[in-house]
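# Remarks on the overall topology
Here is what each chain is made of, one letter per residue.
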There are 2 protein chains.
Amino acid sequence: MQAQKVQMAGGSVRKLLRRNAHGHVANLLAKFRSADVATIITSLTEPERVSVFSILMKRNRALAAETLNDLGPERGLELLAPLKSNEISEVLQELETDDAAVFISALPDQTAQEVLEQMRVDASTDVQGLLQYPPETAGRIMTPNVFFLSEELSVSEAIHAIQTAEDLEMVFYLYVVDDRRHLVGVVSLRQLLMVPPSTPLKKIMTTNVISVKTDTDQEEVARQVALYDLLAIPVTDPENKLVGVITVDDVIDVIKEEATEDIFHMAGVDVHDHVYTPVRTSVKRRLPWLGINLVTALVAATVVAFFEPTIARFSFLAVFLPVVAGMGGNSGTQTLTVIVRGLALGELTWANSRTALWKESMVGLANGLAMGFLAGVAAYVWKANLILSLVLAGAMIINMFVAGLTGSVIPLLLKKMDVDPALASGIILTTFTDVTGFLSFLGLATLLLHYIPVS
Amino acid sequence: MQAQKVQMAGGSVRKLLRRNAHGHVANLLAKFRSADVATIITSLTEPERVSVFSILMKRNRALAAETLNDLGPERGLELLAPLKSNEISEVLQELETDDAAVFISALPDQTAQEVLEQMRVDASTDVQGLLQYPPETAGRIMTPNVFFLSEELSVSEAIHAIQTAEDLEMVFYLYVVDDRRHLVGVVSLRQLLMVPPSTPLKKIMTTNVISVKTDTDQEEVARQVALYDLLAIPVTDPENKLVGVITVDDVIDVIKEEATEDIFHMAGVDVHDHVYTPVRTSVKRRLPWLGINLVTALVAATVVAFFEPTIARFSFLAVFLPVVAGMGGNSGTQTLTVIVRGLALGELTWANSRTALWKESMVGLANGLAMGFLAGVAAYVWKANLILSLVLAGAMIINMFVAGLTGSVIPLLLKKMDVDPALASGIILTTFTDVTGFLSFLGLATLLLHYIPVS
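Residues numbered from 1 in each chain as written. Chains lettered and ligands numbered in written order. Predicted model: local features only at pLDDT ≥ 70, side-chain atom pairs only at ≥ 80, totals over all residues.

### What about the nonpolar core?
Basically, it comes down to this: Nonpolar cores are identified as sets of buried Ala, Val, Leu, Ile, Met, Phe, Trp, Tyr and Cys residues joined via C-beta atoms within 7 Å. Buried means a residue has 20 or more other C-beta atoms within 10 Å of its own C-beta, exposed means 12 or fewer, and partly exposed covers the counts in between; C-beta atoms are placed from the backbone. What counts as a contact is two residues whose backbone-derived C-beta atoms lie within 7 Å of each other.
Membership of the largest hydrophobic core comes to 200 residues, with the highest contact counts inside it found for A:Leu392 and B:Leu392. Excluding anything up to four places from it in sequence, B:Leu392 contacts B:Phe320, B:Val324, B:Ala375, B:Gly376, B:Ala379 and B:Phe441. Grouped together as the second largest cluster of nonpolar side chains are 35 residues, A:Ile41, A:Leu92, A:Ala101 and A:Leu107 included.

### Some details on the relation of the copies chain A and chain B
For the record, the criterion: We superpose the copies by least squares over the C-alpha atoms of residues that have a pLDDT of at least 70 in both of them.
For the pair chain A and chain B, the best superposition has an RMSD of 0.2 Å and corresponds to a rotation of 180° with a translation of 0.0 Å parallel to the axis. Both chain copies can therefore be described as sitting about a two-fold axis. For chain A, the minimum C-alpha distance to the rotation axis belongs to A:Ala312 and amounts to 2.5 Å. Of the interface residues in chain A, 100% have counterparts in chain B that sit at the interface too, so the contact is made through matching surfaces.

### Some details on the sheet that holds strand β6 (residues 242–247) of chain A
Residue and element names in this part refer to chain A. As a reminder, the rule being used: Strand pairing follows a simple DSSP-based rule, namely that at least 2 bridges must link the two strands. Secondary structure elements are taken from DSSP: a helix is a run of H or I of four residues or more, a strand is a run of E of two residues or more, and numbering for both begins at the N terminus. Simply put, an axis is a line fit to the C-alpha atoms, just over the touching stretch for a helix, and the angle between two N-to-C directions goes from 0 to 180 degrees.
A sheet is described by the order of its strands in space; here three strands give the open sequence β4-β5-β6, paired in mixed fashion. With partners counted over all chains shown, the strands left at the sheet margins are β4 (212–213) and β6, one partner each. Pairing geometry for strand β5 (residues 232–236) and β6, over five bridges, is antiparallel. Among the inter-strand pairings, Pro234 is bridged to a residue of β6, identified as Val245. The sheet contacts of helix α14 (residues 218–227) involve β4, β5 and β6, and relative to β5 the element is tilted by about 135°.

### With respect to the sheet that holds strand β2 (residues 173–177) of chain B
Residues and elements named next belong to chain B. Here three strands make up an open sheet; going across it, the order is β1-β2-β3 and the pairing mixed. At either margin of the open sheet sits one strand with a lone partner, and together these are β1 (148–150) and β3 (183–188). Between one strand axis and the next, the sheet turns through 35° on average, direction left out of account. Pairing of β2 with β3, which is carried by five bridges, proceeds in the antiparallel orientation. Across the sheet, residue Tyr173 finds its bridge partner in β3, namely Ser188.

### Some details on the interface of chain A and chain B
Our working rule: Throughout, the ten residues Ala, Val, Leu, Ile, Met, Phe, Trp, Tyr, Cys and Pro are labelled nonpolar, Asp, Glu, Lys and Arg are labelled charged, and all others, Gly among them, are labelled polar.
Each partner contributes residues to the interface: chain A has 83 residues there, and chain B has 85 residues. Only α11 (155–164), α12 (189–194), α14, α15 (248–266), α16 (279–306), α17 (308–313), α18 (317–344) and α19 (353–383) of chain A provide two or more residues apiece to the side of chain A that touches chain B. For the side of chain A that touches chain B, the element with the most residues is α18(A), which contributes 17 residues. Looking at the side of chain A that touches chain B residue by residue, the classes come out as 53 nonpolar, 17 polar and 13 charged.

### Some remarks on the packing of helix α5 (residues 61–80) of chain A against helix α7 (residues 97–106) of chain A
All names here are of chain A. Put simply, the rule is: Here is the rule for angles: anything less than 35 degrees is roughly parallel, anything more than 145 is roughly antiparallel, 65 through 115 is roughly perpendicular, and the remaining ranges are oblique.
The N-to-C vectors of α5 and α7 enclose an angle of 5°; their axes lie 10 Å apart at closest approach. Classified by the interaxial angle, the pair formed by α5 and α7 is roughly parallel. Residues Asn69, Pro73, Gly76 and Leu77 of α5 pack against Asp99, Val102, Phe103 and Ala106 of α7. The class makeup of the residues in the contact of α5 with α7 is five nonpolar, two polar and one charged.

### Things to note about the pairing of β5(A)
All names here are of chain A. Counting buried residues in β5 gives five out of five residues, a clear majority hidden from the surface. Burial along β5 is two-sided: the residues Ala232, Pro234 and Thr236 and Ile233 and Val235 are all buried. When β4 meets β5, the two strands line up parallel, connected through two bridges. In the sheet register, Val212 faces β5, and the bridge partner there is Val235.

Dropping the structure here:
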């Protein structure tokens, strides 16, 4: 129902824009949550998107800022591009520090510098504080506005502190610190309600707090929050001082981003490439990977070239050549996917990898036997040539076994070498399966040449 | 540091098992959170895993249940297999209803029936209530133990209700219902603290509650929770009566599961296939997809067979044949991945698909021009045959343009037809790019046959 309303609003906004009814556009959009406004804006054309955003900037800056945030830096930058740097400052300082930092770091250097200079001093200092941490670490994605209480307080004092604090919408845990801001405990809101008001926080707090360091990788942060079913995780500096907090909604974004990254990397696509990326940018991002593929494909092709005399005599070999190579690639990709995802989810580690290796090699062999048999029968029905059938079956068995073996070894080795296994495994694997496929099929054929009747 | 402790605990458990020091094993594990115990158990061998679980079953049933839950049904079933049905009942009734339902539905039918009969009546009724909803819907994954308050209450009465309620660890929102349990509003815990105790709930509640229906797909549930940054989402029946709640930790599991499903489906792997699946099961699950691939590969091969006379005369064509087909496949897979992920994340819909289609075709064409040029140059350097170079370049341009077009049309059409685009797109695409690659390369070569000098 909400989805329907959102869809209809897109049409209404378009009509109102044509009539220049800017006030009506602002009023209509104010009835929606920012995430819905983001959906509505996405359904418009580029000039419409820019006008709607400038209307919101003038008439409802808070909604403009939240919508921008929901659109994310990829789609949001397009809306910021036509603005002056002081306007960008005004809209970004409406955001949480971590969200503002995302946009600042996505802006061109010159603009980012100007925007920071024109923001309120406190907001600018906070953002610059986050930007000193490397991208994709806890320090970079945390919000420094963490709510904490002294361990010396009583429950009633704690409740008073909550009541008088500002900007506390997303408080789930109350972190307790000592007099030097070291993180010493955590209390839930509900716990406060369950005990007499005079109880000291020290007495009800949990001291075994799960936390991360500022330099913890965001993927590890997400893993911990998911593993322990947390709503937020505190971030501490090297001296265990509380410096920020990461909430579960940001963790969900990280999980989605990391999954997208794995899916994209396996297909050789940049993680920032998406449906709305301009043609020129997409081409520039995808060409390098295609170029590497072309080189490896040509390298594999030299194997075929080596056997040209055999093919010249038995041209039907060319018919089955792509079948052998392709089936190895398909089977290897199955293995690769299971291994890469197992590594990403932490189910598979170097320590317990031997079982996986053995298993995948056996799966490859078994699949090779089954597919080799079927392909051999099919080839015999088609060409009535027993030697060809045997060569085809043999090559497929060899190639699919090698595919299972290399499909598991390659990502494990890459992980060991600290290279993203999702990114590089596929291309190395298909080079292996192409070469093995060509070599085993044409090699076997050449060996058995004398027995093959020319068809 | 925690990770290190967990790793060391694996070794200690192993030693204690060898000494039959069951009490010590239980004491050691009791110091960890269940998620860590799950990690420790995973690092052991199968017989060790089974012994540790049976020790926990006897000495710390609550921890056994939580650990089982953290392991998930795939790895958990192995631990339940050696147990009698009454033991399974005892451990499952320690779990939240939604979690118990996951295990019950994964058990063999006969066992599931026995386990349900031996559970406490209330637990069994709750689980059966969830099992009546189809898998992967909100009704199936919700917990029916939702905390709600009557709209007639005051804030102080609400606080009293919270203080006296049991099992309330994960309460983030207080749902407000009318006298027939229709969901009418929501109040946050913090809001209760901010107003005078005599305030009626009606006055402070938000009436525009985001909720889902029992038959909403779990992927849509996850999308809404992520979109609106929620900690929990209430579930209502067709009459808008509140029947359950889904919390963000379950949503995180859904997001991960759906991402895994997309990654696996794109490679033709069953979502339940993972690193620890037995060889026989993996083979059985992967063979059908490989079989379909073999058939489509053989179909594409008939195109090559049609041109056998050409290949017999110009055997070097066989060298470049896999290059043309492969590069089309690679380029198309890039497009496919961006489109499939765009559909999964809701960025792309049928309505705004025309732009995407146009864009991807242009990207394919541009990439084809670049790669065709490079491949043409490489072939000329290698074989010094200008006609061959032109044929290769032309075929690659045609194939990569078709790849961009079909790579975006196929998933959109499948989505429109309610078929999972991640599952079927890849195989249809590679069949297209194989056929187009073979046809354009060998077709152009045959057309220009008279101009090609036999090398």
